[in-house]
Amino acid sequence: MDEAGGALAGRHVLLGVTGGIAAYKAAALARALRRAGASVQAVLTPSAERFVGTATFEGLTGRPVPTDVFTDVHEVPHVALAREADVAVVAPATANVLAKLASGLADDLLSSVAACLTCPLVVAPAMHTEMWRHPATQANVATLVDRGVRFVGPDEGELAGGDVGEGRLAEEAEILAAVAAALAAPTGRLAGRRVVVTAGGTREPVDAVRYLGNRSSGKMGYALAAELLARGAEVDLVSAPTALAPPPGARVHAVETAEEMRAAVHAVLTGADAVIKAAAVADWRPVSPVAGKRKKGEDAPVSLELEPTVDILAELGAAKGGRVLVGFAAETDDEEAHGRAKLAAKGLDLVVVNRVDAPDAGFGVDTNRAVLLDAGGGREEVALTSKARLAAVVCDRLEGLLPADPPTPTVPQEPR
Ligand code: CTP
């Protein structure tokens, strides 16, 4: 079995067929997908039906071929069809369907299914050269590529009406390979990126049972890790103790002290694209923690000698190595001035400044408000919102700060 066949065996493919002359080739594609071991659910648009019949696809796939959103409404077919797909491929994809996919328009069964998809989507355009090169089509392509949709083709060659040029449907083998690759690869705007996130509040031992800690719950860092994973990034979550379940898919490195956090961050630093330090790290630790339990003794005052910990973020900022560095600034007064000072002093690209003395923001709660300051002088205020939403805003900014390294589309990013 070839590479594509291996990846496709046992997987379920939704095959969308739209109304272009190349629709007849979709029948051969359905057969090839079946031969590679996939189950195939074809969905035809009404325009596709003007070129090819549903009977052909029913025969080839062994499944009924729905074309209409108003049939079997009680089964909510557009949602069910999207949910069962491991991958979706639209071949051929007309300029019209690209416009609908880009804008989220859902006015027939296929576009309604597409609006519900959470699996990878592969698109194989086929149209006349003029339509393909039209700025509107290219803008739609750029939108879809940006959203993680994978394009295959179009190729140069013979087109309908005897014309020759760019716009011919990609070869069957190319489409199969693209579908297999989509199944194998992580998807999302941060696919291929690795981000180190720190979370929680460190604990510095006083003796065997006591520690110096802080009020951090870890919620902000865990929300960031979840958002990064949802966008396809690999995440190393260096976590001080929290009461939270780590998001599925994160590589968790459990630590307690600032020094352990420092070592864990350095251990996963090589090759990381970004570091987000949401952890509340102790600034001081007891100089001589007692091995056993320190006895209470007399009623006399007790003093604890403290020494400073290493500022992990400042250390990373001093040797950035091309990584994007995002810090947090937990403040109780004059927050923007303090935040800007930390941005500069620690060599950060972005600092998320938040007050930690409000009942609805900062430590422990599910909501937060923040001001984002960047090294270019930019300022963005995020009003009271969930930590999950703030995490999404931070990830949007991170995407803008990462050097461009898009996921290898097979179409030009620039309109020609
Ligand atoms: N930080 C760090 N290592 C430390 C202390 C802080 O990496 N030893 C990081 C935090 O993870 C955070 C940023 O530095 O991203 C700012 O932390 P914060 O507690 O707000 O400020 P400090 O730099 O500790 O300064 P101060 O306590 O005076 O406000």
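Refer to the structure presented above.
Values in this document were obtained by computation on a predicted structure and should not be read as measured data.

Help me understand the sheet that holds strand β17 (residues 350-355) in this model?
Pairing within the open sheet is mixed, and its eight strands lie in the order β12-β11-β8-β13-β16-β17-β18-β19. The two strands at the open ends of the sheet, each matched to only one other strand, are β12 (251-254) and β19 (379-386). On average, adjacent strands in this sheet sit at an angle of 20° to one another, irrespective of strand direction. Relative to strand β16 (residues 324-331), strand β13 (residues 274-277) runs parallel, the two sharing four bridges. Within β16, the residue paired with Ile276 across the bridge is Val326.

Would you take a moment to explain the site of the ligand for this structure?
Lining the immediate surroundings of the ligand are 16 residues, of which Lys277, Ala279, Phe328, Lys342 and Lys346 lie closest. Taking Asp283, its side chain carries an N or O atom lying 2.9 Å from an oxygen atom of the ligand. Here Thr309 contributes a side-chain N or O atom positioned 3.4 Å from a nitrogen atom of the ligand. Relative to its free-state accessible area of 570 Å², the ligand is covered by the protein chains to the extent of 79%. At a threshold of 2 Å from the grid points, most atoms of the ligand map onto the largest pocket. The greatest single-element share of the shell around the ligand, amounting to four residues, is contributed by β16. Taken together, the residues of the shell around the ligand sort by class into nine nonpolar, two polar and five charged.

Mind showing me how you'd approach the layout of surface pockets here?
Rolled over the atoms, a probe with the dimensions of a water molecule shows which regions are left empty. Within this model, the largest pocket holds a volume of roughly 850 Å³. If you trace the largest pocket, you find 37 residues lining it, with Ala279, Ala280, Val281, Asp283 and Ala330 closest to the centre. Among the secondary structure elements, those contributing two or more residues to the lining of the largest pocket are α11 (219-230), β15 (306-308), α13 (312-318) and β16. Residues of the lining of the largest pocket, tallied by class, amount to 18 nonpolar, 12 polar and seven charged. In this structure, the second largest pocket encloses a volume near 500 Å³. Forming the walls of the second largest pocket are 22 residues, and the residues nearest its centre are Leu117, Cys119, Leu121, Arg147 and Val149. Counting residues per element, the ones that place at least two in the lining of the second largest pocket are α6 (95-103) and α7 (109-114). Its residues assigned to classes, the lining of the second largest pocket comprises 11 nonpolar, six polar and five charged.

About the criteria used
- Per-chain numbering applies: the sequence of each chain, read as written, is numbered from 1 onward.
- pLDDT decides what is reported in this predicted model: residues at 70 or higher carry local features, side-chain atom pairs at 80 or more are listed and counted, and totals for whole chains, interfaces and linings draw on all residues regardless.
- With hydrogens and water set aside, each side-chain value is computed from the structure's full complement of heavy atoms.
- Two strands qualify as a pair provided DSSP detects at least 2 bridges between them.
- Numbering of helices and strands runs from the N terminus, with a helix taken as a DSSP run of H or I at least four residues long and a strand as a DSSP run of E at least two residues long.
- Axes here mean lines fitted to C-alpha atoms, for a helix over just the part in contact, with angles spanning 0 to 180 degrees between N-to-C directions.
- Residues are labelled near a given molecule or strand when at least one of their non-hydrogen atoms is within 4 Å of it.
- Between N or O atoms, a polar contact is any pair within 3.5 Å; within protein, one atom must be a potential hydrogen donor and the other a potential acceptor, and residues adjacent in sequence are included only when both atoms are from side chains.
- For the area figures, the Shrake-Rupley method with a 1.4 Å probe applies, and any residue is considered shielded solely by the protein chains shown.
- Only protein atoms enter the 1 Å grid, on which a cavity is a set of points fitting a 1.4 Å probe that cannot get out and a pocket is an open set with protein on both sides within 12 Å along at least 5 of 7 lines, lining residues being those with an atom within 4 Å of a point.
- Should more than half of a molecule's atoms lie within 2 Å of a pocket's or cavity's grid points, that molecule is taken to sit in it.
- Three classes are used, and their members are as follows: Ala, Val, Leu, Ile, Met, Phe, Trp, Tyr, Cys and Pro are nonpolar, Asp, Glu, Lys and Arg are charged, and the others, Gly among them, are polar.
- Grid points are joined across faces, edges and corners, and a volume is the space filled by probe spheres set on the points.

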